[in-house]
Amino acid sequence: MIKELNIKNFAIIDSLCVKFDNGFNVITGETGAGKTLIIKAVDILLGAKINKKMIRDESVALEINAKFIHNGKDLEISRIFKRERSYSEVNKKRISISDLLKKYSSLVQFQRQHDSNDLLDVSKHILMLDSYIGIEEEIFTLNNLFYAYLDDKKRYDDMKINAIAYRDKINLNKFQIDELNSIKLDVKEESLVNKKYKQFVSSKDVIDTVNKYIDLNEDFQISPIINIEKNIKSLSRYQSEDTDINDLVNRLEEVLIELKDIKDEVSNLDSKYHFNEEEKSVIEDKILSYEQIKRKYGGSIQSAIKFRDTLISEIDGDLSYDDKLEKLKNKLDLSKKLYMNKAQEVSATRKEYALTMQKKINDYLKKVDMPNSKIKILIKPSGRYSDNGIDECEIYIITNKGEKFKPLQEIASGGEISRIMLSISLVLSNVNTGSTLIFDEVDTGVSGATASSMGNLLKGLADRKQLIVVTHLPQIASKAIAHVYCYKSVNFSKTKAKLKYLKNESRKKEIARMLSGEKITQHSLKQAERFILDG
């Protein structure tokens, strides 16, 4: 329940503090004095959009703050709009609008004058029924199943429409996979081929150098090996006589061994760098293939491998078009079945609860002086699938005995619409979880004994929930426990909304004003006193 509401810088409200009783509260007053602004402020506080035009002074923040009792504990919620931005707080801590709506929007249930128009909008009838049943979770599940069905249907239809394009894409994928598999996609393999190619490019120079070296060592006059061998032979005659000569001979013999090893290894290079024309052609083709693949598929062997793997996964195990289409059709059939099962379950629930809801509404219609009126909630197939199911719901009514049921909007008057809407609200109030109900001028077109009956119904409802009612009817205002009066004050050409808490004599005068207009008479005062005593 709401204990206190504080509003600053909102339309004609400069600063206002409204305290509420935990039972039946009424708000009355002059036209345009801010009665509906109080209700609008509660709506904004709980997440409704803010119209910037409603800010009284743009240089000052718009602030709305309320203190609640929620689940036996104190709860404070604030909404501040400043410098084109708004934010909310719960118990002095920031909270997002989405979380605020999720956690606290059900604290208060609103019934406004314009909500009566919902009765004239057939599409809203099913929402009223669902609210009575309380099948939010089932509708949420139905929504998800519906959109899953739509997604599967779109994929299936697109596949059928784009059959040629799909087949072309599969064929292109297969061609590209074959092209990518035409060579060994391996980084090490590419490196070996490049190394082999570099050997081929340098082979002529290497072989020419090798041949010159071999020729050098075979020339009797200039061959290092032959000349060293001669020198060793000449010096070896003096080895035993001179240790230095002996050391020199040993060193020359070591050099000779090394030179012979080098000669053998140089000779081996000839076979290593020898390529025939066929080998040359094979290597060049491999190099060309690698370069073409890299150029077409990402610039490197790694990117080409990744592209190939992606293509393979897209082909999905090499399913044919018909296999793919059948797979999508089976998925579509399953999602349609799941949706229809849930939709039929929800439809059966609606038909069952429509009977109990209409009975309760009809009971209330008798209490608001519509004894000969009855409503009937008709559920019929819509002939289409929607996120709300497969049903159409429409409220029919008879207002006189012997008539046939007809659509509500065809025969109900303004006063009847208000009473029917109140009856529906009273039925819904028994299932809504909010502890506070707000009625904003739902008594349009109602007067006399009917207004008194409506007041009694609201008074009975206030035994179970906190009520805040904006009304122009003295018959309703006289039933309340707490009475707030709104009026306008003009200072220095600026209009401000003000309020008073009415009790005893002041309350009697306000109800008398509501009865007779601005000129209060002794008769209206006595009548107001009687209303209050009867309340």
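This one's a predicted model, so the numbers in the text were calculated from it and none came from an experiment. (Residues numbered from 1 in each chain as written. Predicted model: local features only at pLDDT ≥ 70, side-chain atom pairs only at ≥ 80, totals over all residues. Heavy atoms only, no water.)

Overview of the pattern of salt bridges
Phase 1 of the analysis: Throughout the structure, instances matching the rule amount to 21 salt bridges.
Phase 2 of the analysis: The salt bridge involving Glu84 is made with Lys52; its shortest N-O contact spans 3.0 Å. With Glu84 in the loop between strand E5 (73-82) and strand E6 (85-90) and Lys52 in the loop between helix H1 (35-45) and strand E4 (62-70), this residue pair connects regions lying 32 residues apart in the sequence.
Phase 3 of the analysis: Since its relative accessible area comes to 56%, Glu84 is described here as exposed.
Phase 4 of the analysis: Among the salt bridges present, the one from Lys329 reaches Asp333, with a minimum N-O distance of 2.9 Å. Placement of both Lys329 and Asp333 in helix H11 (residues 321-367) is noted, with a separation of four residues, approximately one turn of the helix.
Phase 5 of the analysis: Via salt bridges that share partners, Asp130, Arg350 and Asp391 belong to a single interconnected network. (Salt bridge = Lys/Arg side-chain N within 4 Å of Asp/Glu carboxyl O. Helix = DSSP H or I, 4+ residues; strand = E, 2+ residues; numbered from the N terminus. Buried < 20%, exposed > 50% of the residue type's maximum accessible area, 1.4 Å probe, protein only.)

Concerning the sheet that holds strand E10 (residues 389-398)
Phase 1 of the analysis: Pairing is antiparallel in the open sheet, where three strands are placed in the order E9-E10-E11. Among the strands making up the open sheet, the edge pair consists of strand E9 (374-386) and strand E11 (406-407). (Pairing = 2+ DSSP bridges.)

Thoughts on the pairing of strand E2 (residues 13-19)
For a regular strand, side-chain orientation follows a simple rule: the groups alternate between the two sheet faces.
Phase 1 of the analysis: Relative to E2, strand E1 (residues 2-10) runs antiparallel, the two being bridged by six bridges. Across the sheet, Ile7 pairs through a bridge with Leu16, a residue of E2.
Phase 2 of the analysis: Between E1 and the antiparallel strand that follows it, E2, lie two residues; Ala11 among them carries a positive phi value of about 55°.

Considerations on the nonpolar core
Phase 1 of the analysis: Grouped together as the largest cluster of nonpolar side chains are 55 residues, with contacts concentrated most on Phe24, Met357, Ile377, Ile424 and Leu467.
Phase 2 of the analysis: Among the elements that take part in this core, H11 stands out by supplying nine residues, more than any other.
Phase 3 of the analysis: Not counting residues up to four positions away in its chain, the partners in contact with Leu467 are Gly23, Phe24, Asn25, Leu437, Phe439, Leu458, Leu461 and Ala462.
Phase 4 of the analysis: Listed in part, the 42 residues of the second largest apolar core include Ile2, Leu16, Phe20 and Ala33. (Core = buried A, V, L, I, M, F, W, Y, C linked by side-chain atoms within 4.5 Å. Contact = heavy atoms within 4.5 Å.)

A word on the side chain of Glu4
Phase 1 of the analysis: By secondary structure assignment, the location of Glu4 is in strand E1.
Phase 2 of the analysis: Buried charge without a partner: Glu4 forms no salt bridge, and the closest opposite charge is Lys67, 4.1 Å away.
Phase 3 of the analysis: Separated by 2.9 Å, the side chains of Glu4 and Asn6 make a polar contact. (Lys, Arg positive; Asp, Glu negative; His and termini not counted. Polar contact = N/O pair within 3.5 Å; in protein donor to acceptor, adjacent residues only side chain to side chain.)

Considering the sheet that holds E1
Phase 1 of the analysis: Strand order in the open sheet formed by six strands is E2-E1-E4-E5-E6-E7, and the pairing between neighbours is antiparallel. With partners counted over all chains shown, the strands left at the sheet margins are E2 and strand E7 (93-95), one partner each. Across the sheet, the mean angle separating the axes of adjacent strands is 20° when strand polarity is ignored.
Phase 2 of the analysis: Inspection of the sheet shows E4 paired to E5 by nine bridges, in the antiparallel sense. In the strand pairing of E5, Leu62 is matched with Phe81. (Axes fitted to C-alpha atoms, helices over the stretch in contact; angles between N-to-C directions.)

With respect to the packing of aromatic side chains
Phase 1 of the analysis: Applying the stated rule across the entire model yields eight aromatic pairs.
Phase 2 of the analysis: Between Tyr297 and Phe307, the ring centres sit 5.1 Å apart and the planes meet at 40°, which makes this aromatic pair tilted. One end of the pair, Tyr297, is in the loop between helix H9 (277-296) and helix H10 (301-315); the other, Phe307, is in helix H10, and 10 residues separate them in sequence.
Phase 3 of the analysis: Each ring, one from Tyr485 and one from Tyr487, has its centre 6.0 Å from the other, and the planes form 15°; the classification is stacked.
Phase 4 of the analysis: For Tyr487, a relative accessible area of 22% gives the class partly exposed.
Phase 5 of the analysis: Residue placement shows Arg94 over the ring face of Tyr87; its charged tip is 3.7 Å from the ring centre. (Phe/Tyr/Trp six-rings, centres within 6.5 Å; stacked < 30°, edge-to-face > 60°. Lys NZ or Arg CZ within 6 Å of the ring centre and 35° of its normal.)

So, unusual backbone geometry
Phase 1 of the analysis: Backbone geometry at Arg83 places phi at a positive 50°, although glycine is not the residue there.
Phase 2 of the analysis: Relative to the assigned elements, Arg83 resides in the loop between E5 and E6.
Phase 3 of the analysis: Here the phi dihedral of Lys92 falls at roughly 70°; this positive angle occurs in a residue that is not glycine.
Phase 4 of the analysis: Residue position: Lys92 is located in the loop between E6 and E7.

Description of a negative patch on the surface
Phase 1 of the analysis: Together, Glu241, Asp242, Asp244 and Asp247 line one region of the surface with negative charge.
Phase 2 of the analysis: Within the element layout of this structure, Asp247 appears in helix H8 (residues 243-272). (Patch = residues over 30% accessible without salt bridge, like charges linked within 9 Å, V, L, I, M, F, W, Y side chains within 5 Å. Areas by Shrake-Rupley, 256 points an atom, 1.4 Å probe, with all protein chains shown as cover. Charge placed at Lys NZ, Arg CZ, Asp CG, Glu CD.)

Considering the confidence of the model for the protein chain
Phase 1 of the analysis: Put simply, the protein chain has an average pLDDT of 85, and 92% of its residues get 70 or more.
Phase 2 of the analysis: Between the elements of the protein chain, mean pLDDT differs from a low of 74, seen in strand E8 (residues 108-112), to a high of 95, seen in E1. (pLDDT = per-residue confidence, 0-100.)

Remarks on the state of the cysteines
Phase 1 of the analysis: In the structure shown here, the tally under the stated rule is zero disulfides.
Phase 2 of the analysis: Here Cys17 stays unpaired: no disulfide links it, and the sulfur of Cys486, its closest cysteine neighbor, is 13 Å away.
Phase 3 of the analysis: Accessibility expressed as a relative area gives 30% for Cys17, which makes it partly exposed. (Disulfide = S-S within 2.5 Å.)

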